[in-house]
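Architecture at a glance
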Protein chains: 4
Amino acid sequence: MGRVRVPEQHEGKRKEILDAAHRCFLRYGLQGASISMICKEAGMSPGHLYHYFPSKDAIIEQMADEYLSTLHTYFGRQETGDVATVLLSEIWSMSSWDDTAHCRILFELLAEAGRNDRVRDILADNTAGVRKLLAQTLRAGQAKGEVDRGLDPEHTAAMLIAIVDAAPMLPLMVPGIGFDESRKLMTAMVRRFLEPKAAEQS
Amino acid sequence: MGRVRVPEQHEGKRKEILDAAHRCFLRYGLQGASISMICKEAGMSPGHLYHYFPSKDAIIEQMADEYLSTLHTYFGRQETGDVATVLLSEIWSMSSWDDTAHCRILFELLAEAGRNDRVRDILADNTAGVRKLLAQTLRAGQAKGEVDRGLDPEHTAAMLIAIVDAAPMLPLMVPGIGFDESRKLMTAMVRRFLEPKAAEQS
Amino acid sequence: MGRVRVPEQHEGKRKEILDAAHRCFLRYGLQGASISMICKEAGMSPGHLYHYFPSKDAIIEQMADEYLSTLHTYFGRQETGDVATVLLSEIWSMSSWDDTAHCRILFELLAEAGRNDRVRDILADNTAGVRKLLAQTLRAGQAKGEVDRGLDPEHTAAMLIAIVDAAPMLPLMVPGIGFDESRKLMTAMVRRFLEPKAAEQS
Amino acid sequence: MGRVRVPEQHEGKRKEILDAAHRCFLRYGLQGASISMICKEAGMSPGHLYHYFPSKDAIIEQMADEYLSTLHTYFGRQETGDVATVLLSEIWSMSSWDDTAHCRILFELLAEAGRNDRVRDILADNTAGVRKLLAQTLRAGQAKGEVDRGLDPEHTAAMLIAIVDAAPMLPLMVPGIGFDESRKLMTAMVRRFLEPKAAEQS
DNA sequence: TATGAATGAGGGTTCATTCAT
DNA sequence: GATGAATGAACCCTCATTCAT
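Thoughts on the overall build of chain A
The number of helices and strands found in chain A is 12 helices and zero strands. When the helices and strands of chain A are read in sequence order from the N terminus, they spell out α-α-α-α-α-α-α-α-α-α-α-α. In chain A, which comprises 202 residues, the proportion classed as buried is 52%. For chain A, the proportion of contacts with a sequence separation of at least 24, taken over those separated by at least 6, is 64%. Accessible surface computed for chain A: about 9300 Å², of which carbon and sulfur atoms make up 51%.

Printed below as a string of C-alpha cells:
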C-alpha cells in the first residue's frame with residue numbers, strides 16, 4: 001500500500017547533498033556557494049533539495065557538525081607510549097589533514113562562528129568532547145611525570161586544539177613551507193611545551 | 001582654473017571608505033557585507049564610492065593589506081631584554097588583539113585566501129616582512145644562547161605567526177576561556193618552545 | 001476480484017479534503033494556502049490528494065460551491081409570522097455567521113469572482129436559488145400587505161442578500177462594534193425597508 | 001554639486017508604481033499579482049522598484065490607503081437639502097463606483113484585512129474619518145427632524161458605509177442587475193431606514 | 001566631486017503538479 | 001489506494017555595478 005519511506009535512502013540523499021555542499025563551500029565559501037550550485041553539484045532540483053533540508057543554514061550547520069566531528073574524532077583513539085607521542089600521533093593521523101584543500105573549510109567555519117551563534121555552538125560542542133579526552137590524557141601524563149604538573153589540563157587541551165587547527169595557516173601564509181615541515185615544527189613545539197621542566201624532574 | 005585634484009583629500013576619502021568597509025566586513029563577513037551597506041556606513045553614494053574604488057574586490061584587497069600590515073607591524077619594533085620577552089611583548093602589544101571582534105576578520109581573510117589568489121598573495125607578502133624581522137631576532141637570540149640553536153629561524157618565525165594568529169580561536173571554541181588566560185598559555189608555550197634544552201646550555 | 005471502488009468512501013475523502021482546504025483558505029487566503037498546507041491539514045500526501053481533485057482550482061471551486069450553498073440554505077426554511085420576521089430569523093439563524101472568522105472566506109470568494117469566471121458562475125448559481133425563495137416570500141408578504149408593494153421582489157431579494165453578506169464588514173471596519181450590534185441595526189434597517197409606507201396602508 | 005534629489009520626481013515615480021500595482025492587483029488579486037508583473041506594467045526593473053518601496057506589503061498598504069481615502073473622501077463634501085439626499089448624493093458621486101472593475105479591489109482588501117493587521121488598521125483608520133462626518137450629518141438630520149431620533153448616529157454611520165461598500169456585490173451575484181438598478185434600490189432602502197416613523201412626525 | 005536613478009542577473013525559497021512504486 | 005520522490009518555473013528581494021546629471 002503505497003511506496004514505503006526507506007530511511008536509509010532518505011539519509012543517503014541527505015549525505016549526497018551534504019557532500020555536494022561541502023565541495024561547493026570549499027570552492028566558493030559558505031556564502032559564495034549558492035543553493036543552485038549545490039543543486040547542480042548534487043544533480044538535483046532546488047525543490048527536491050528543500051525536501052531534505054529546510055534551509056541553506058541547516059545545510060551549513062549539519063555540514064559543520066559532521067565535518068568537525070570527523071576532524072576531531074581522531075583525537076579519541078587510545079594508543080600507547082609517552083603522552084606527547086600519543087597526542088601527536090593522534091593529531092597527525094587526521095587523514096584529511098594532509099590535504100590542504102580539505103581543511104580550508106575550517107576557516108570558513110571559524111569566520112562564520114564569529115557571526116552565527118548556531119555555528120559557534122556547534123563548534124563549541126564539537127570541541128568540548130575532544131577537550132575532555134585530551135585533558136584526561138594530559139592528567140594521566142602528569143601522573144606519570146611525563147607532563148609538566150604546572151599546566152592546567154583543561155586549558156592546555158584547548159590550546160592544543162587551537163594549535164593543531166592553526167596548522168593549515170602556514171601553507172597559506174608561507175608559500176614555501178610544506179606539510180611535513182610544519183608538522184615537524186608543531187611536533188617539536190608541543191613536545192617542548194608539555195615536558196616537565198628540568199627542576200621538576202629531579 | 002577649475003578644481004585642482006587634491007591628492008591628500010583623495011586619500012582621505014579612500015581611508016574613510018576602507019574604515020567603513022572594515023566595520024561592515026566585521027559585522028557581516030566579506031561576502032555578507034554589501035556595497036550599499038558600506039556606502040551607508042561611509043555616508044556616501046554608490047556612484048561616489050566607485051569613484052574611489054573600481055570594485056568590491058579592490059576594497060577587500062586593500063582593506064586586507066592595511067589590516068594585515070597594521071596587525072603585523074607590531075612585530076617590528078625593537079626592544080631590549082631576552083629574545084622571548086621581546087617577541088612576546090611585541091606580540092601582545094597588538095592593540096586590536098584584546099578585542100575578540102576586531103580580529104575576527106582574520107578568519108575571513110584566511111578563508112578568502114584559500115580561494116582568491118590575490119588575497120593569498122597579500123597575506124603572503126604581509127607575512128613575509130614580519131617573518132624576516134622575527135627570523136633576525138631569533139638568530140640574534142641563538143647567538144646569545146637564549147634561543148635553541150636547533151630551530152630553523154625562518155620556519156620558526158612562520159610558526160610563531162601562525163600560533164599568534166590562532167589565538168582568537170580559543171574564545172570561539174571554548175566559551176569559558178578569556179583573553180588573559182589564552183595569552184598566558186600562549187606565552188608559556190612559546191617561551192618553552194624557544195628556550196635551549198638543558199643539555200645544550202652547558 | 002481486486003479492490004472494489006466504494007463510492008461513499010471516495011466521497012468521504014473528498015469531504016475531508018474540502019474541510020481541510022476550507023480551514024487553510026480561512027487562515028491564509030485562497031492564494032496564500034498551498035496544496036502542501038492542505039495536504040498536511042488533511043493528513044494526506046500530495047499524490048493522494050491529486051487522486052481526488054485534478055487541481056487546486058477544482059478544490060477552490062467545489063469548496064466555494066459547498067460553502068455558499070451551506071451559507072444560503074438557511075434562507076430556504078419556511079416559518080410563520082410576518083414576512084420580515086421570517087426573513088430575518090432565517091437570515092440570522094445562519095450558524096456560521098456569529099463567528100467573524102468563518103465568514104471571512106466570503107470576501108475571498110467575492111474577490112476571486114471578480115477575476116475567475118468559474119467562481120463567478122458558482123456565486124451566481126448559488127445566489128439564484130436563494131433569490132427565488134426570497135422573492136416568493138416577498139411576494140407573499142406583499143399579498144398580505146406586510147411588504148411594500150412598490151418594491152420589485154426579484155431585485156429586493158438580491159439587495160437583501162447583499163446586505164446580509166455585507167454584515168461581516170462592520171467588525172472589520174469598526175473595531176468597537178460587535179456582532180449583536182450590527183445584527184440589531186441590520187434588522188431594524190431591513191424591517192423599515194420592507195414595511196409599507198403609511199400612505200399605502202390605508 | 002551632484003544630481004539633486006527632486007522630491008516631486010521621486011513622488012511621481014512612486015505614484016506610477018502604485019498605479020501599475022493597482023492595475024495588476026485588479027487583474028490578478030493582491031497575492032496573484034507578482035512584483036515582476038508590476039515591474040513590467042510600470043516599465044521598471046525590480047531593483048529599481050525596490051528603490052521606491054521596501055516590500056510588496058508596503059506597496060499593498062499604501063495602495064490600500066490611497067484607494068480607500070479616495071473612495072471615502074466623497075463622503076466629506078457638504079451639500080444642502082434634506083439629510084438623506086445629501087448623504088446619498090455624496091455616496092453616489094463616487095466616481096469610481098460606476099465602474100464595476102474599479103471597486104472590485106475593495107473585496108481584495110476586505111479579504112486581506114481578515115489576515116493582515118496592517119491592512120485592517122488602514123481600513124479602520126480610513127473608515128473612522130468618514131464615519132465621524134456621516135455621524136455629524138446624521139445628528140444634524142436628527143435635530144431637524146429629518147432622521148429618526150432612535151438611531152445611534154455612530155453605529156448608523158458604520159452601517160451606511162458597509163451598505164454602500166456592499167453595492168458592488170450585486171452585479172457579481174446577479175448577472176442581470178445593473179448599476180442603476182442597484183443604486184435606486186440602495187437609495188430607497190437608506191431613505192426609508194433613516195426617515196422618522198409616522199408616530200414621531202406628529 | 002558627488003548624487004541617486006537605473007539595471008538585470010542571481011540570491012534563497014515555495015509552488016502546483018507528476019511519477020514510480 | 002496511497003506514498004513521498006522529483007521537477008522547474010516562479011516567488012520576493014538584493015546584488016554589484018553603471019550612468020546621466
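A word on the domain arrangement of chain A
Residues and elements named next belong to chain A. Each assigned domain of chain A is listed here: domain 1 (7-53) and domain 2 (62-196). Opposite the nine residues of domain 1 that make contact, domain 2 presents 12 residues. Buried area between domain 1 and domain 2, summed over both chains or domains, comes out near 950 Å², and the portion from carbon and sulfur atoms is 66%. Summed over the three residues of domain 1 that lose the most area to domain 2, namely His-22, Leu-26 and Leu-30, the buried surface amounts to 55% of that side. In this structure, the connection of domain 1 to domain 2 is made through zero salt bridges. Summed over the shared surface of domain 1 and domain 2, the result is two residue pairs in polar contact (both at pLDDT 80 or more).

Section: the interface of chain A and chain B
Opposite the 48 residues of chain A that make contact, chain B presents 48 residues. Both faces considered, chain A and chain B share a buried interface measuring about 4300 Å² in area, 73% of it formed by carbon and sulfur atoms. It is Met-173, Met-189 and Arg-192 of chain A that lose the most area in chain A upon contact with chain B, and together they represent 18% of the buried surface on that side. The interface formed by chain A and chain B includes four salt bridges. Where chain A packs against chain B, one counts 10 residue pairs in polar contact (both at pLDDT 80 or more).

Regarding the interface of chain D and chain C
For an interface, size is often stated in terms of accessible area lost upon the parts coming together. On the side of chain C, 48 residues touch chain D, which itself brings 48 residues to the contact. Counting each side, the surface lost to burial between chain D and chain C is near 4300 Å², with a carbon and sulfur contribution of 73%. One can count four salt bridges joining chain D with chain C. Between Glu-108 of chain D and Arg-115 of chain C there is a salt bridge, with the nearest N and O atoms lying 2.1 Å from each other.

Things to note about the environment of Glu-181 of chain D
Residue placement: Glu-181 of chain D occurs in helix H11 (residues 179-194). Taking the C-alpha atoms as reference points, Glu-181 of chain D and Pro-171 of chain D, 10 residues apart in sequence, are found 9.9 Å from one another.

Re the pattern of salt bridges
All chains considered together, the criterion is met by 40 salt bridges over all chains. As a salt-bridge pair, Arg-118 of chain C and Glu-61 of chain C come within 3.2 Å of each other at their nearest N and O atoms. Remark: Glu-61 of chain C occurs in helix H4 (residues 56-73) and Arg-118 of chain C occurs in helix H8 (residues 117-143); sequence separation between them is 57 residues. Using a relative accessible area of 13% as the deciding quantity, one classes Glu-61 of chain C as buried. If you follow the salt bridges from partner to partner, you end up with Arg-23, Arg-27 and Glu-41 of chain A in one network.

Remarks on the relation of the copies chain A and chain B
Two copies of a chain can be linked by a rotation about an axis combined with a shift along that same axis. Superposing chain A onto chain B takes a rotation of 179° plus a shift of 0.0 Å along the axis, which leaves an RMSD of 0.3 Å. Overall, the copies show the geometry of a two-fold rotation axis. Here 100% of the contact residues of chain A are again contact residues in chain B; the copies associate through an equivalent surface.

Concerning the protein's contact with DNA strand E
With respect to spatial proximity, 38 residues lie near DNA strand E, and among them Tyr-50 of chain A, His-48 of chain B, Tyr-50 of chain C together with His-48 and His-51 of chain D are the closest. Within 4 Å of the protein, the contacting atoms of DNA strand E are 66% sugar and phosphate, with bases supplying the remainder. Measuring from a phosphate oxygen of DNA strand E, one finds a side-chain N or O atom of Tyr-50 of chain C at 2.7 Å. When contributions to the surface near DNA strand E are tallied by element, the ones reaching two or more residues are helix H2 (35-42) and helix H3 (46-52) of chain A, helix H1 (7-28) and helix H3 (46-52) of chain B, helix H3 (46-52) of chain C together with helix H1 (7-28) and helix H3 (46-52) of chain D. Split by residue class, the surface near DNA strand E holds 11 nonpolar, 18 polar and nine charged.

Some remarks on the packing of helix H7 (residues 105-113) of chain C against helix H7 (residues 105-113) of chain D
The N-to-C vectors of H7 of chain C and H7 of chain D enclose an angle of 150°; their axes lie 8 Å apart at closest approach. In terms of orientation, H7 of chain C and H7 of chain D fall into the roughly antiparallel class. Seen along the crossing, H7 of chain C lies across H7 of chain D with a hand that is left-handed. Here Phe-107, Glu-108, Leu-110 and Ala-111 of chain C of H7 of chain C come into contact with H7 of chain D, specifically with Phe-107, Glu-108, Leu-110 and Ala-111 of chain D.

A short note on the relation of the copies chain D and chain C
Least-squares fitting of chain D to chain C yields an RMSD of 0.3 Å, with the superposition described by an axial translation of 0.1 Å and a rotation of 179°. Interface overlap between copies: 100% of the residues of chain D at the interface are likewise at the interface in chain C, consistent with a symmetric, same-surface contact.

Thoughts on H11 of chain D
Spanning 16 residues, H11 of chain D covers 22 Å between terminal C-alpha atoms, matching the ideal 22 Å at 1.5 Å per step. Looking at H11 of chain D, one finds that the buried residues are Phe-179, Ser-182, Leu-185, Met-186, Thr-187, Met-189, Val-190, Arg-192, Phe-193 and Leu-194 of chain D.

As for the state of the cysteines
All names here are of chain B. Taken as a whole and assessed by the stated rule, the structure comprises zero disulfides over all chains. A disulfide-free cysteine, Cys-24 has its sulfur positioned 9.3 Å from the sulfur of Cys-39, the nearest such atom. On the accessibility criterion, Cys-24 (2% relative accessible area) is buried. Given a relative accessible area of 3%, Cys-39 falls into the buried group.

Notes on the environment of Tyr-50 of chain A
Residue and element names in this part refer to chain A. Take Tyr-50: it is sitting in helix H3. Residue Tyr-50 is classed as partly exposed on the basis of its relative accessible area, which comes to 39%. In this structure, Tyr-50 is in contact with Ile-35, Ser-55 and Lys-56, ignoring residues within four places of it in sequence.

Considering the packing of aromatic side chains
Under the criterion given, the structure shown has zero aromatic pairs over all chains. The ring of Phe-53 of chain A has Arg-14 of chain A lying over it, and the distance from NZ or CZ to the ring centre is 4.2 Å.

Conventions and cut-offs
Residues numbered from 1 in each chain as written. Chains lettered and ligands numbered in written order. Predicted model: local features only at pLDDT ≥ 70, side-chain atom pairs only at ≥ 80, totals over all residues. Heavy atoms only, no water. Helix = DSSP H or I, 4+ residues; strand = E, 2+ residues; numbered from the N terminus. Buried < 20%, exposed > 50% of the residue type's maximum accessible area, 1.4 Å probe, protein only. Contact = heavy atoms within 4.5 Å. Areas by Shrake-Rupley, 256 points an atom, 1.4 Å probe, with all protein chains shown as cover. Domains from an automatic or database assignment. Buried area = accessible area lost by both parts, 1.4 Å probe. Salt bridge = Lys/Arg side-chain N within 4 Å of Asp/Glu carboxyl O. Polar contact = N/O pair within 3.5 Å; in protein donor to acceptor, adjacent residues only side chain to side chain. Least-squares fit on C-alpha atoms with pLDDT ≥ 70 in both. Near = heavy atom within 4 Å. Nonpolar A, V, L, I, M, F, W, Y, C, P; charged D, E, K, R; others polar. Axes fitted to C-alpha atoms, helices over the stretch in contact; angles between N-to-C directions. Parallel < 35°, antiparallel > 145°, perpendicular 65-115°, else oblique. Left-handed = near helix turned anticlockwise from the far one by under 90°. Expected span 1.5 Å × (residues − 1). Disulfide = S-S within 2.5 Å. Phe/Tyr/Trp six-rings, centres within 6.5 Å; stacked < 30°, edge-to-face > 60°. Lys NZ or Arg CZ within 6 Å of the ring centre and 35° of its normal.

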